[in-house]
Each structure stands twice: as C-alpha cells, then as structure tokens.
Amino acid sequence: MAKPGAMKLMISFVERGQGNDLAKFYAEHNVNFNYRCVGVGTASSDLLDVLGIGSAEKDVIFSLASKVNAERLMDRLSDNLRSIREKGIVFTMPLTGLNNVVATVLERQGDVENKGGNDMDANVANSLILVMVNQGNTDEVMNTARAAGARGGTIIRSRFMGVEELDGLYESMQEGEKEIIAMVVPTAQRNTIMETINKKHGLKTEAGAVILSLGIDQIAKLG
C-alpha cells in the first residue's frame, strides 16, 4: 500500500440527480475516480436555505485525485465565473494510504511526486478505512478485515463514475455498481488491515477493491 503525501479525497454533497453531471465535470478536470452515492440530509429547511444546498435529498460523490488536480478543481469550483449549475458543498481531505496501482495512476494524472506519509499520520490514534468493492463482495471483504483486526464496518451503496476515462486500468473497474465499506480502526492496525484486504481482494480480483485511509483527529462514542 502506498502512503501518499500529495493525494486527496474529495467529498461532494449536491441535490439529488445532479451527481452525474458533476462527475462528468470532474472528469473534464482530470478527477476520474468518482463514486456516486445517494443520501438524505438531516438539517432543517431553514439551515439548508442558509447553506444554499436546497433539498434534503442528496447525491454524495467520493472522488480520488492528486493534490494538484484537487486544488485546481477546487479553484475552478470557487470561480465566480464558473458555468456549473449544481448547488452543494465540496471539501477535501489528505489521504494516509491508498492502493499502489491507484496511487500510481493519480500521480501520473496529476504529475506529482509521491512524498510518503502525511506528517499528521504519526499523531493520529484512529483511522477511517474506505474500501470500494464490486457489489456482492462485501461479506468476504468484511470477513477478511475482521480476521486482520477490524471490529466492524458500515456499507454504503454506490456507483462508479468515469469508466471511459479509466478504461484499461483493470476489467474490475468497468463494473459500475459498487459498495463502500467504511471502518474505523486503530491506526496501529490500519496498515495490516489494508494490506490484508489488498492481497486477497485487490484490483486484480473479482472484488476489485480500491482501498484508502484518512486520519481521524477526534472520536467520541454516542449513547
């Protein structure tokens, strides 16, 4: 697994039905790893109006990009002259781990240099692991993760966008229907869990897993 110092996860929340057009816009700006999910907001209508993000029904897009491409795209989205019509919110977070193959592709697209792990990584007690897999493989992947030390996870249904841009990477990437497994794990166990999943369910397998991690600065249990 790579420890990228110049790669980002972008998360976008837009009104339901606008995710496809937004993913196409992202692809035009060399952000090609896009996963669209559906969600329902819990904010009051007054708060939604203040935030300017419209209705409670949302498309949620998880996007992987080099730091260079992510920053260029964020600048483009912030441009007052932009032609994009979607309403919502977009934010980025630095990655602390990623499949080697995917990291190589992102580096090539962004023309960046792999600088190793993030400086904050050593001070992070817990990490979020996201595993994007072909639909129907989540049980096997979760069993593998548990055997490596994970305690559980949450599954999110999604669809992979940008197949044309990534044609030829691996056949497993061509399957649009995906599921995202989200797991919070101690950072000390993160690499072992990610390496184990990648070895058994990586891009060359039927599961076609794309695996990434992000540092969590604070965590609290509810209830």
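Everything below is about the structure printed above this text.
As the structure is a prediction and not an experimental result, all values here were calculated from the model.

Trainee: For the overall build of the protein, give the residues involved together with the corresponding values.
Mentor: Along the protein, the regular secondary structure elements total six helices and nine strands. Among the 223 residues that make up the protein, the fraction classed as buried is 46%. Long-range pairs, those at least 24 residues apart, make up 81% of the contacts in the protein between residues at least 6 apart in sequence.

Trainee: Quick one: what's the story with the pairing of strand 1 (residues 7–15), residue by residue and with numbers?
Mentor: Taking burial as the measure, the nine residues of strand 1 include seven buried ones, the bulk of the element. As paired strands, strand 1 and strand 3 (residues 57–66) are joined by nine bridges and run antiparallel to one another. When the sheet's bridge partners are listed, glutamate 15 is paired in strand 3 with lysine 58. Bridging between strand 1 and strand 4 (residues 88–94) involves seven bridges; their strand directions are antiparallel. Paired with lysine 8 across the two strands is proline 94, which belongs to strand 4.

Trainee: Provide a residue-level description of the nonpolar core, including the pertinent values.
Mentor: Ranked by size, the top nonpolar core spans 24 residues in total, and within it Leu9, Phe62, Leu64, Leu98, Leu130 and Leu212 carry the most contacts. Where this core is concerned, the elements lending two or more residues are strand 1, strand 2 (33–40), strand 3, helix 4 (100–110), strand 6 (126–134), strand 8 (177–186) and strand 9 (210–216). Top contributing element to this core by residue count: helix 4, with four residues. Those residues in contact with leucine 212 that lie beyond four places of it in its chain are Leu9, Leu64, Leu95, Gly97, Leu98, Leu128, Ile129, Leu130, Met132 and Met194. In this structure, Ile181, Met183, Ala207 and Ile211 belong to the second largest nonpolar core, which totals 18 residues.

Trainee: Break down the environment of glycine 136 for me, citing the residues and quoting the values.
Mentor: Following the sequence through the fold, glycine 136 ends up in the loop between strand 6 and helix 5 (138–147). Along the sequence, glycine 136 and glutamate 206 sit 70 residues apart, while their C-alpha atoms lie 9.9 Å from each other.

Reading the values: the criteria
- Residues numbered from 1 in each chain as written.
- Predicted model: local features only at pLDDT ≥ 70, side-chain atom pairs only at ≥ 80, totals over all residues.
- Heavy atoms only, no water.
- Helix = DSSP H or I, 4+ residues; strand = E, 2+ residues; numbered from the N terminus.
- Buried < 20%, exposed > 50% of the residue type's maximum accessible area, 1.4 Å probe, protein only.
- Contact = heavy atoms within 4.5 Å.
- Pairing = 2+ DSSP bridges.
- Core = buried A, V, L, I, M, F, W, Y, C linked by side-chain atoms within 4.5 Å.

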